[in-house]
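Examining the three-dimensional arrangement
The primary structure of each chain is shown beneath.
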Amino acid sequence: MGVSEPDLLSLLKTLEVLKPYLKEIVIVGGWVPFLYRRYGQLPSRHPSVRTMDIDVAVPRRLEERGRPTINELLTSAGYEVRIYDSDIPVVKYELTFPVAEIEFLTPEVGRPGRSVLTVQRGFSAQALRYLQILLENTKEIKIKDTLSSLTVNLVVRVPSPGAFVYQKGLTLSRRHSKVPKDLYYIFDLLDSSIELRNSILAEIDWLRQRYATRWFRDFLRNLDKYFPEAGAEGPALVATQYNGPMPTETFRNYAHRVFRDFVRTLQEIAAQRGNA
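Residues numbered from 1 in each chain as written. Predicted model: local features only at pLDDT ≥ 70, side-chain atom pairs only at ≥ 80, totals over all residues. Heavy atoms only, no water.

**Thoughts on the overall build of the protein**
- When its secondary structure is counted, the protein shows ten helices and nine strands.
- Rg of the C-alpha trace for the protein: 19 Å, near the compact-globule value of 19 Å for 276 residues, within the 12% margin.
- Overall, the C-alpha framework of the protein stretches about 50 × 45 × 35 Å when taken along its three principal axes.
- Looking at the protein residue by residue over its 276 residues, the buried ones come to 55%. (Helix = DSSP H or I, 4+ residues; strand = E, 2+ residues; numbered from the N terminus. Rg over C-alpha atoms; globule rule 2.2 N^0.38 Å. Buried < 20%, exposed > 50% of the residue type's maximum accessible area, 1.4 Å probe, protein only.)

And the structure:
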């Protein structure tokens, strides 16, 4: 199922509320491929996957500079704070209509420490490994749209496609319930066009050199684990998110080839650089 009008309305309303901070925060998660296509003019060959959660990356310290805090902006707009207790407490902002659920994330730096950090007065975010990749490698997308009675005209920051793919691949071992969607997001971008695939390859080669060498090894290992063959777990998981015209077995074989070609090309690039 693709993105519905109520889902999009919840996203646009959230962006409008957060407008004072859009230059400092980055929209991440499942909305990113949709924003690439609808407003960023990137190509798409496959059906999109519905997403409702709105994930937002924020710096570890967010200055107020005379502005209302993010907590004040959201609560005054009717969003309610919810804390979900689990192994890692999760703080979310929820709205009844249009239904919206926002989670704020910030980079975990150094040794694992507190899972939730206070990044601004009265405002906390969940600390996650590798999130700096998304905050430090971005592109801007202009959104000018009218939906229902809401008109928005703003610029939002999203991760660059290569950074989005790299961070998703790195977190596969940590996001068990979200792996099917994460793999589908990667597949969808890699198979959108030759030009986009090549630009993602080039960017990941650059990210490989910018961040810890072991991250690149982990990235390749994570993808290898899921795609050793067409009958492996990875192609089957990607297929659970696909609702296009290809028969299931044909699609699994196709998804396997897309990932294997991608991984092998990256391995060849790294070998040429002497860092395989």
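**As for the packing of helix α5 (residues 161-170) against helix α7 (residues 194-210)**
- Interaxial distance between α5 and α7 falls to 8 Å at its minimum, and their mutual angle equals 65 degrees. The pairing of α5 with α7 is recorded here as roughly perpendicular in orientation. The way α5 lies across α7 gives a crossing that is right-handed. In this structure, α5 contributes Pro161, Gly162, Ala163, Val165 and Tyr166 to the contact, and α7 contributes Leu196, Ile200, Glu203, Ile204, Leu207 and Arg208.
- The class makeup of the residues in the contact of α5 with α7 is eight nonpolar, one polar and two charged. (Axes fitted to C-alpha atoms, helices over the stretch in contact; angles between N-to-C directions. Parallel < 35°, antiparallel > 145°, perpendicular 65-115°, else oblique. Left-handed = near helix turned anticlockwise from the far one by under 90°. Contact = heavy atoms within 4.5 Å. Nonpolar A, V, L, I, M, F, W, Y, C, P; charged D, E, K, R; others polar.)

**Remarks on the packing of α5 against helix α6 (residues 179-190)**
- One can describe the packing of α5 onto α6 by two numbers: an axis separation of 10 Å at closest approach and a directional angle of 150 degrees. Comparing their axes, α6 and α5 come out roughly antiparallel. Considering the relative orientation of α5 and α6, their crossing is left-handed. Across the interface between the two elements, Phe164, Val165, Lys168 and Gly169 of α5 pack against Asp182, Tyr185, Ile186 and Leu189 of α6.
- A breakdown of the residues in the contact of α5 with α6 according to their chemical character gives five nonpolar, one polar and two charged.

**Description of helix α8 (residues 213-226)**
- Those residues of α8 lying buried are Trp215, Phe216, Asp218, Phe219, Leu220, Asn222, Leu223 and Tyr226.
- Buried residues along α8 sit against α4 (132-136), α5, α6, α7, α9 (233-239) and α10 (248-273).

**Describing unusual backbone geometry**
- The amide bond that connects phenylalanine 97 to the next residue, proline 98, takes the cis arrangement and shows omega of -15 degrees.
- Looking at where proline 98 falls in the secondary structure, it is placed in the loop between β4 (90-95) and β5 (100-107).
- Of note, tyrosine 130 is a non-glycine position whose phi angle comes to about 75 degrees, a positive value.
- Note that tyrosine 130 resides in the loop between β7 (123-128) and α4.
- Overall, the relative accessible area of 7% leaves tyrosine 130 in the buried class.
- Here the phi dihedral of serine 148 falls at roughly 55 degrees; this positive angle occurs in a residue that is not glycine.
- Along the chain, serine 148 turns up in the loop between β8 (138-147) and β9 (150-159).

**Observations concerning helix α2 (residues 31-38)**
- For α2, the tally of buried residues reaches seven of eight residues, placing the bulk of the element in the interior.
- Burial in α2 covers these residues: Trp31, Val32, Pro33, Phe34, Leu35, Tyr36 and Arg37.

**Focus: the pattern of salt bridges**
- For the structure on display, the rule yields 17 salt bridges.
- Among the salt bridges present, the one from arginine 37 reaches aspartate 188, with a minimum N-O distance of 2.9 Å. Of this pair, arginine 37 sits in helix α2 while aspartate 188 sits in helix α6, and the two are 151 residues apart along the sequence.
- Using a relative accessible area of 4% as the deciding quantity, one classes aspartate 188 as buried.
- Here aspartate 218 makes a salt bridge to arginine 221, at a shortest N to O gap of 2.2 Å. (Salt bridge = Lys/Arg side-chain N within 4 Å of Asp/Glu carboxyl O.)

**Topic: the nonpolar core**
- Judged by nonpolar contacts, the single largest core of 87 residues is most densely connected at Phe104, Ile143, Leu183, Phe219 and Phe262.
- With nine residues, α10 is the largest single contributor of residues to this core.
- When residues no more than four places from it in sequence are discounted, the contact partners of leucine 183 are Leu172, Leu223, Tyr226, Phe227, Gly234, Leu237, Val238 and Phe259.
- By size, the runner-up hydrophobic cluster in this structure holds seven residues, among which are Leu105, Leu131, Leu134 and Leu135. (Core = buried A, V, L, I, M, F, W, Y, C linked by side-chain atoms within 4.5 Å.)

**Looking at the pairing of β5**
- Within β5, seven of the eight residues are buried, which leaves the element mostly enclosed by the surrounding structure.
- Bridge count between strand β2 (residues 53-57) and β5: five bridges; the pairing is parallel. Note that in β5 the partner of aspartate 55 across the bridge is glutamate 103.
- As paired elements, β4 and β5 share four bridges and run antiparallel to each other. Within β5, the position partnered with glutamate 94 by the bridge is glutamate 101.
- Adjacent in sequence and paired antiparallel, β4 and β5 are bridged by four residues. (Pairing = 2+ DSSP bridges.)

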